[in-house]
Amino acid sequence: MTRVLLTTTSYQDTPGDHHALLESQGFEIHRERGPLPESRMLELAGEFDAFLCGDDEITQAVLEKSLPRLKVISKYGIGLDKIDVTACTAAKLPVLFTPGVNHTTVAEHTFCLLLAQVRNLVDSANAVRNGQWKRVTGHEIWNKSIGIVGLGRIGQEVAKRAIAFGMKVHALDPYWPEAFATENGVTRHEQIETMLPEIDVLSLHANLSESTRHLVNAERIKLCRKDLLVVNTSRAELVNMPDMIAALNAGTVGGYATDVLDEEPPPADHPLLKHPKALITPHIGSRTYESVPRQAMRATLNLVNYLKGEKDVIQANKF
């Protein structure tokens, strides 16, 4: 019997047809509450024919222990930085993923974070809940400039919403969508260094790689306008955390709103958790009742179709 390791919690927690499809295949399904660290993955490795995973650490060591039994990895999501894709490709192990299913949801959450930050929404609402009529003055985003790092599906949806709010849009992406940028009046930048002095809001939507790791750091923060707001619904590692905390403390960055942290869930003493200029949500950018079933169904179809030898799969690595 085919054994499948299922780790993604939003897949497991959200109703939808993906459950029936997975259950109908006759697989033996082992469920864990991910994302799992390498240590737990190593304990489980070697016992499964397929992974249906989220952001679990699938390192070379995990792969070596999983093979040759492991036949396929189906990622629930699009970010592959937690998977050693190079090692998978060398072993001719397919890595399947789900592009094009959560871009509107993440873009909406980006604006949720941005608007909550500029209008002090969380503090104000909590104060009223606690019996305090605390009226804090906020800011508009109309006529402000937003810089988008990564103008793919999510970045383009953010740009559309920014334009609707009357914002000027700047962007950076090595794969420049010329038609979209021209139609929507997006200002192109080749380097983040030229964009930072021009913007009031920085929104991060890039994949994590060695070239984007710590993209936002102390040297680049020096180039920013005072009180820049940074919104991160991509990967925590795009931001150098000690540098960001130092900038928040010094007042050179006005606020950091993020859906992702370097450690999830964070330790109780994580310096951002109670920082007055930070707004944190628990990695829920794509977690809606509309998006999860789309993403989960695509991940399940990828898995089922691959194991059946059918062509309807979306594979990230080619060999």
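Provided above is the structure to which this section pertains.
Quick caveat, the model's predicted, so the values are computed rather than measured.

## A look at the pattern of salt bridges
All told, the structure shown has 20 salt bridges when counted by the stated rule. Two residues, R287 and D13, come together in a salt bridge whose shortest N-O distance is 2.9 Å. Of this pair, R287 sits in the loop between β12 (278–280) and α13 (291–308) while D13 is found in helix α1 (residues 9–13), placing the two residues 274 residues apart along the sequence. The closest approach of N and O atoms between E43 and R40, which form a salt bridge, is 2.7 Å. Linking E43 with R40, this pair stays in helix α3 (residues 38–44), spanning 3 residues, or about one helical turn. What makes R40 partly exposed here is its relative accessible area of 27%. Within the structure, one salt-bridge network assembled from shared partners comprises D55, K75, D81 and R235.

## A short note on the packing of helix α6 (residues 103–118) against helix α8 (residues 153–164)
Where α6 meets α8, the axes come as close as 8 Å, and the angle between the chain directions of the two elements is 50°. With respect to each other, α6 and α8 are oriented oblique. Our pair here, α6 against α8, has a crossing hand that is right-handed. Of the residues in α8, those in contact with H103, T104, V106, A107, E108, T110 and F111 of α6 are R153, I154, E157, V158, R161 and A162.

## What to know about the sheet that holds strand β2 (residues 28–31)
Pairing is parallel in the open sheet, where 5 strands are placed in the order β2-β1-β3-β4-β5. Whereas interior strands pair on both sides, the edge strands pair on one side only; in this sheet they are β2 and β5 (95–96). Both strand β3 (residues 50–53) and strand β4 (residues 72–75) contribute to a ladder of 4 bridges, which runs parallel. From the neighbouring strand, C53 faces β4, where its bridge partner is K75. In the packing of α13 onto the sheet, contacts are made with β1 (3–6), β3, β4 and β5, and the angle to β4 comes to roughly 160°.

## Side note on the environment of G152
Looking at the element boundaries, G152 is found in the loop between β6 (145–149) and α8. Between the alpha carbons of G152 and G100 there is a distance of 10.0 Å; along the sequence they are 52 residues apart.

## Comments concerning a negative patch on the surface
A contiguous patch of negative charge, built from D262, E263, E264 and D269, is present on the exposed surface. Relative to the helices and strands, D262 is located in the loop between β11 (253–258) and β12.

## Overview of the sheet that holds β6
In spatial order, the strands read β8-β7-β6-β9-β10-β11-β12; together these 7 strands make up an open sheet with parallel pairing. Edge positions in the sheet fall to β8 (187–189) and β12, since each has one partner strand and no second. Sheet twist, expressed as the average angle between the axes of neighbouring strands with direction ignored, equals 20°. Strand direction decides the pairing type here: strand β10 (residues 228–232) and β11, joined by 5 bridges, are parallel. When the bridges of β11 are listed, N232 appears paired with T258. Sitting on the sheet, α8 touches β6, β7 (168–172) and β9 (201–204), and the angle it makes with β6 is about 175°. Against the sheet, helix α12 (residues 241–250) engages β10 and β11, with an angle of about 135° to β11.

## Quick word on α13
Helix length check: α13 (18 residues) gives 26 Å between terminal C-alpha atoms against 26 Å at 1.5 Å per residue, within 8%. When we look at burial in α13, the residues that qualify are S291, V292, P293, Q295, A296, R298, A299, T300, N302, L303, V304 and N305. A positive backbone phi angle near 80° is found at G309, which sits one or two residues after α13.

Conventions and cut-offs
Residues numbered from 1 in each chain as written. Predicted model: local features only at pLDDT ≥ 70, side-chain atom pairs only at ≥ 80, totals over all residues. Heavy atoms only, no water. Salt bridge = Lys/Arg side-chain N within 4 Å of Asp/Glu carboxyl O. Helix = DSSP H or I, 4+ residues; strand = E, 2+ residues; numbered from the N terminus. Buried < 20%, exposed > 50% of the residue type's maximum accessible area, 1.4 Å probe, protein only. Axes fitted to C-alpha atoms, helices over the stretch in contact; angles between N-to-C directions. Parallel < 35°, antiparallel > 145°, perpendicular 65-115°, else oblique. Left-handed = near helix turned anticlockwise from the far one by under 90°. Contact = heavy atoms within 4.5 Å. Pairing = 2+ DSSP bridges. Patch = residues over 30% accessible without salt bridge, like charges linked within 9 Å, V, L, I, M, F, W, Y side chains within 5 Å. Areas by Shrake-Rupley, 256 points an atom, 1.4 Å probe, with all protein chains shown as cover. Lys, Arg positive; Asp, Glu negative; His and termini not counted. Charge placed at Lys NZ, Arg CZ, Asp CG, Glu CD. Expected span 1.5 Å × (residues − 1).

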